[in-house]
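Fold and geometry: a report
Spelled out, the chains give:
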Amino acid sequence: MGHPMFNYDPVLGDAIFEYCRERLAMDPVPLDYGSLKSIPDTALDGLISLEGRDPKEILSFFTDQLAHSVVSIDSPRFLAFIPNAPTKSSLLFDMVVACSGLNGTSWLESAGVVVAENQALEFLADRIGLPKGAGGCFVSGGSIGNLSALTVGRDVGRSRRPDLAPHTLRYAISADAHSSVGSALHILGMEALLIEPDDHRLTIENVRAALAADPHPETVIGIVATCGTTNAGIVDDLEGLGTYCRENDLWFHVDGAYGGAAMFSTSETPLIRGLRHADSFIVDPHKWLYAPLDCAALIYRDPRLARAVHTQQAGYLDILHEGTDESFDWNPSDFAIHLSRRARGLPFWFSLVTEGVRNYETAVQTAIDMAHHTAQRIEDVDYLELVRPVSLSVVLFRRKGWTPEQYNEWSHQLLRDQIAFVTPTKWEGETIARFAFLHPDTTDEMVDEIFASMRD
Ligand SMILES: *Cc1c(COP(=O)(O)O)cnc(C)c1O
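These figures come from a predicted structure and were not determined experimentally.

1. So, the nonpolar core
One finds Trp-288 and Phe-435 to be the most contacted residues of the largest nonpolar core, which totals 87 residues. Residue contributions to this core peak at nine residues, all from helix H13 (residues 357-379). The residues that make up this core include at least three from each of domain 2 (95-357) and domain 3 (360-453). In this structure Phe-435 touches Leu-79, Thr-374, Ser-393, Val-394, Val-395, Phe-397, Val-422, Val-447, Ile-450 and Phe-451, once residues within four positions along its chain are discounted. Counting 31 residues, the second largest nonpolar core, distinct from the first, contains Val-156, Leu-188, Ala-306 and Trp-330.

2. Description of the sheet that holds strand S11 (residues 430-436)
Reading across the sheet, the four strands line up as S8-S9-S11-S10 and stay open at both edges, with antiparallel pairing between neighbours. Edge positions in the sheet fall to strand S8 (384-386) and strand S10 (425-427), since each of these pairs with one other strand and no more. In this sheet, adjacent strand axes meet at a mean angle of 50° when their direction is disregarded. Summarising the sheet, S10 and S11 pair through three bridges and their orientation is antiparallel. In the strand pairing of S11, Lys-426 is matched with Thr-431.

3. Notes on the domain arrangement of the protein chain
On domain assignment, one finds that the protein chain holds domain 1 (4-30 + 33-70), domain 2 (95-357) and domain 3 (360-453). One C-alpha centre belongs to domain 1, the other to domain 2; they are set 37 Å apart.

4. Looking at the pattern of salt bridges
Counting across every chain of the model gives 16 salt bridges. The partner of Asp-284 in a salt bridge is Lys-287, with the nearest N and O atoms 3.7 Å apart. Take Lys-287: its relative accessible area is 15%, and that puts it in the buried class. Arg-377 serves as the salt-bridge partner of Asp-444, at 3.9 Å between the closest nitrogen and oxygen. Of the two residues, Asp-444 sits in helix H15 (residues 444-453) while Arg-377 sits in helix H13, which places them 67 residues apart along the sequence. Taking relative accessible area as the criterion, Asp-444 reaches 22% and is therefore assigned partly exposed.

5. Quick look at the packing of helix H12 (residues 346-355) against H13
As a packed pair, H12 and H13 sit with axes 6 Å apart at the nearest point and diverge in direction by 100°. It follows that H12 is roughly perpendicular to H13 by the angle criterion. When H12 is examined against H13, the residues Phe-348, Ser-351, Leu-352 and Glu-355 are found in contact with a partner set consisting of Val-357, Asn-359 and Tyr-360. When its residues are assigned to classes, the contact of H12 with H13 shows four nonpolar, two polar and one charged.

Procedures and definitions
Residues numbered from 1 in each chain as written. Predicted model: local features only at pLDDT ≥ 70, side-chain atom pairs only at ≥ 80, totals over all residues. Heavy atoms only, no water. Core = buried A, V, L, I, M, F, W, Y, C linked by side-chain atoms within 4.5 Å. Buried < 20%, exposed > 50% of the residue type's maximum accessible area, 1.4 Å probe, protein only. Helix = DSSP H or I, 4+ residues; strand = E, 2+ residues; numbered from the N terminus. Domains from an automatic or database assignment. Contact = heavy atoms within 4.5 Å. Pairing = 2+ DSSP bridges. Axes fitted to C-alpha atoms, helices over the stretch in contact; angles between N-to-C directions. Salt bridge = Lys/Arg side-chain N within 4 Å of Asp/Glu carboxyl O. Parallel < 35°, antiparallel > 145°, perpendicular 65-115°, else oblique. Nonpolar A, V, L, I, M, F, W, Y, C, P; charged D, E, K, R; others polar.

In structure tokens form, the structure reads like this:
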């Protein structure tokens, strides 16, 4: 008998596994609410105590009260922001990761995790046309992925331009880049050459014009492109921007947190061909690659550059770095801003391996087709209007005559009625409605219910 806190309680185990079984079997999952309306503010008071509480009582408190106060991101009625619809196999395998407390920090500790995660990363890298040897690690999200990658690009830029004062180095970015890119530059203490592209799509012509008009174009050490802007799904001119970077020794980072998943589509292949030029690339399996939060793939063309920047040095860590053969000394901790990490890539790996690539292709393509089909249907509704052509799986549309307050009220009511979770967005200063399709089980009938709710 050891310390009581480490005993397995089979009764509690059964109760939790039973809850998980029920949850996994729900078809469909309830949309649920994101607010705490049904729970009194004081519900959690005094729960943390010296003696501890009955776990079954607390499990019931969670299942009956807290769990319903979270919008189910895997509902086919979740069309706001960027949804996420983990496959059941990825959710199940996340339980394996959880129950094993699986560590994914270093080769020494976790080779069995690392080889599987790396297989998934290599598959993604190969799919976008990066050369053999490309690799990286899974991080918690696109934001950390962008920050980690832009740190490497910055340091490479410094070494290429030793003549320039380090703090003057900049990235060229689009005004439509994700907010996390701005945050990353803020953390890195870097400025941006901020470009407002025509129709929100960054092209090589935009970059050339901005550089020509800039007093210090030599300080731009890289370009950040987006493969699928979050708000509108727009894919920048990856081919033009990437080629320019290769020819001019600039770092080419592509943020594909959402739209990188289009690598599984058939219709978007020409649009994303330029991904093969990326020096660094991110895609979030926890968005459109059907894995649970929190999981972003961060991939470098030349991972050695990243290792040189991110490896943490400490006496107690030296043993992690004493291998000689690189392929057998792969520490995920060396490729991003993190050290300890859970084996967060494994649920994605397990799902990819077991479901098969074709299922990913059809699911991603279904979402894109749904977006185009919905846009056509919007044309037939007299009180609705398409705001711009569909890009990837995002539909921007307007309810004619509505004020921003009306959009907000409608969005809240839609959730209260458990019809859908759809949030308004801003486009060129105007508040409008937006669908981000992702779940292949979203139906025309669900969209019809949403359209009907906008009638008056
Ligand atoms: C969602 C998103 C991010 C941020 O990713 P997180 O996983 O939320 O940190 C970055 N870039 C783009 C284009 C995104 O859509």
